[in-house]
Amino acid sequence: MQQRSYITGCGKTVLIQRKIGLKRMNLRFSKKQKTFVVSVPALVPFSSVTRFIDEAHTWFTKVDLYHQQQRLQQQNASHGIEPGQLISILGKLTRIDFILSPKSKVFLSGTVLEIYGVRSKFEQLLMTYLKNLAYEKLSYYSYQYAQTLGVKFKKITVKEMKTRFGSCTSVGSLNYCWRLIFAPEPVLAYLCAHEVSHLKEMNHSKKFWAYVAFLCPDYKNLQKWLKQNGKGLFAVL
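Residues numbered from 1 in each chain as written. Predicted model: local features only at pLDDT ≥ 70, side-chain atom pairs only at ≥ 80, totals over all residues. Heavy atoms only, no water.

Visitor: Looking at this model, I keep getting lost on the sheet that holds strand β11 (residues 173–177). Mind explaining?
Guide: The strands making up a sheet are joined through hydrogen bonds of the backbone, oriented either antiparallel or parallel. Taken in spatial order, the three strands make up an open sheet running β9-β11-β10, and their pairing is mixed. Every other strand in the sheet has two partners, leaving β9 (155–159) and β10 (166–168) as the edge strands with one partner each. Ignoring strand direction, the axes of neighbouring strands in this sheet form an average angle of 15°. Here β10 pairs with β11 via three bridges, running antiparallel. Across the sheet, residue S167 finds its bridge partner in β11, namely N175. Across the sheet, helix α3 (residues 122–149) is in contact with β9 and β11; its angle to β9 comes to roughly 145°. Where helix α4 (residues 185–197) meets the sheet, it contacts β10 and β11, and its direction lies at approximately 155° from that of β11. (Pairing = 2+ DSSP bridges. Helix = DSSP H or I, 4+ residues; strand = E, 2+ residues; numbered from the N terminus. Axes fitted to C-alpha atoms, helices over the stretch in contact; angles between N-to-C directions. Contact = heavy atoms within 4.5 Å.)

Encoded structure:
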């Protein structure tokens, strides 16, 4: 196996590995080698390899964001949230600012969440805001998807869950974990599509997954994201 390195325009070092018998190029991040690695067929020209790497700039950004979020989750789990720290809200890195004020309020401005009030209520105000935002988003997608499928649910409950992110009861009540607010919004929407589809099929049959795919065509990738990152959502706060 032949190896050489290539540095992208955004400064990423990629290890190129040529393998006999390989049919197509594959780009990944190697945890073992702690670097980006692209595996390529032995006879592919170097110019084609570098073009393939350079065209993956969006993918590099997503990987960097993922690793940054993982570091933040570990940091927040160990020390709790403090003013000035970053957390992921609907997949966007957001700075949490505290402003001393006699009146309590929370205001989201772009990627800055401003919390006004007394310091002793900082975490309480933050938690209340996040849970309310989670309820707002989960309700929105649940109603949209229910309307699309022509079904109705009894109620929506957003609460703390220890082992799952959502459920649908036999009487038509939808339950969601508020911690979905830390996931990218498409992942949160997928959970709604999943639970609303149970109003049609209370199982995981082919019919059920057909409903999910109808509501959320990219559900497989979103489901994969949740399986890989779901545990980290419980480590925030």
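Visitor: Could you clarify how one ought to interpret the packing of α3 against helix α5 (residues 206–215) in this entry?
Guide: For any two helices packed against each other, one specifies the inter-axial angle together with the distance between the axes. The N-to-C vectors of α3 and α5 enclose an angle of 115°; their axes lie 11 Å apart at closest approach. Viewed along their axes, α3 and α5 form a crossing whose handedness is right-handed. Only Y211, F214 and L215 of α5 make contact with α3, whose side of the interface consists of Y145, T148 and L149. Considering only residue class, the contact of α3 with α5 consists of five nonpolar, one polar and no charged. (Left-handed = near helix turned anticlockwise from the far one by under 90°. Nonpolar A, V, L, I, M, F, W, Y, C, P; charged D, E, K, R; others polar.)

Visitor: What am I meant to see in the pairing of β11 here?
Guide: Taken across its five residues, β11 has five buried, putting it largely inside the fold. Burial of the side chains of β11 extends over both faces: S173, N175 and C177 are buried on one face and L174 and Y176 on the other. Alignment of β9 against β11, held across five bridges, turns out to be parallel. Looking at β11, one finds that K155 is bridged to S173. Taking the residues between adjacent antiparallel strands as the criterion, β10 and β11 are bridged by four residues, where G172 takes a positive phi near 90°. (Buried < 20%, exposed > 50% of the residue type's maximum accessible area, 1.4 Å probe, protein only.)

Visitor: Sorry if this is basic, but what is going on with the sheet that holds strand β8 (residues 112–117) here?
Guide: Strands sit in the order β5-β6-β8-β7 across an open sheet of four strands; the sheet is mixed. Looking at the sheet topology across the chains shown, the edges are occupied by β5 (86–89) and β7 (105–109). On average, each strand axis in the sheet is tilted by 30° relative to the strand beside it, whichever way the strands run. When strand β6 (residues 92–100) meets β8, the two strands line up parallel, connected through six bridges. Counterpart to I99 in the pairing with β8 is Y116. Taken strand by strand, α3 contacts β5, β6, β7 and β8, and its axis lies near 130° from that of β8.

Visitor: Could you clarify how one ought to interpret α4 in this entry?
Guide: An α-helical turn contains 3.6 residues, so a residue and the one three or four places further along point in the same direction. Over its 13 residues, α4 extends 18 Å from the first C-alpha to the last, a length consistent with the 18 Å expected when each residue adds 1.5 Å. Along α4, eleven of the 13 residues are buried, which leaves the element largely enclosed by surrounding structure. All of the buried residues in α4 are V187, L188, A189, Y190, L191, C192, A193, H194, E195, V196 and S197. Where α4 is buried, its residues meet α3, β10, β11, α5 and α6 (219–233). (Expected span 1.5 Å × (residues − 1).)

Visitor: Any chance you could explain the packing of α4 against α6 here in plain terms?
Guide: It is the contact of α4 with α6, at a shortest axis distance of 9 Å, that shows an interaxial angle of 105°. In terms of axis orientation, α4 runs roughly perpendicular to α6. Together, P186, V187, Y190 and L191 of α4 and Y219, L222, Q223, W225 and L226 of α6 make up the contact between the two elements. Class assignment of the residues belonging to the contact of α4 with α6 gives a composition of eight nonpolar, one polar and no charged. (Parallel < 35°, antiparallel > 145°, perpendicular 65-115°, else oblique.)

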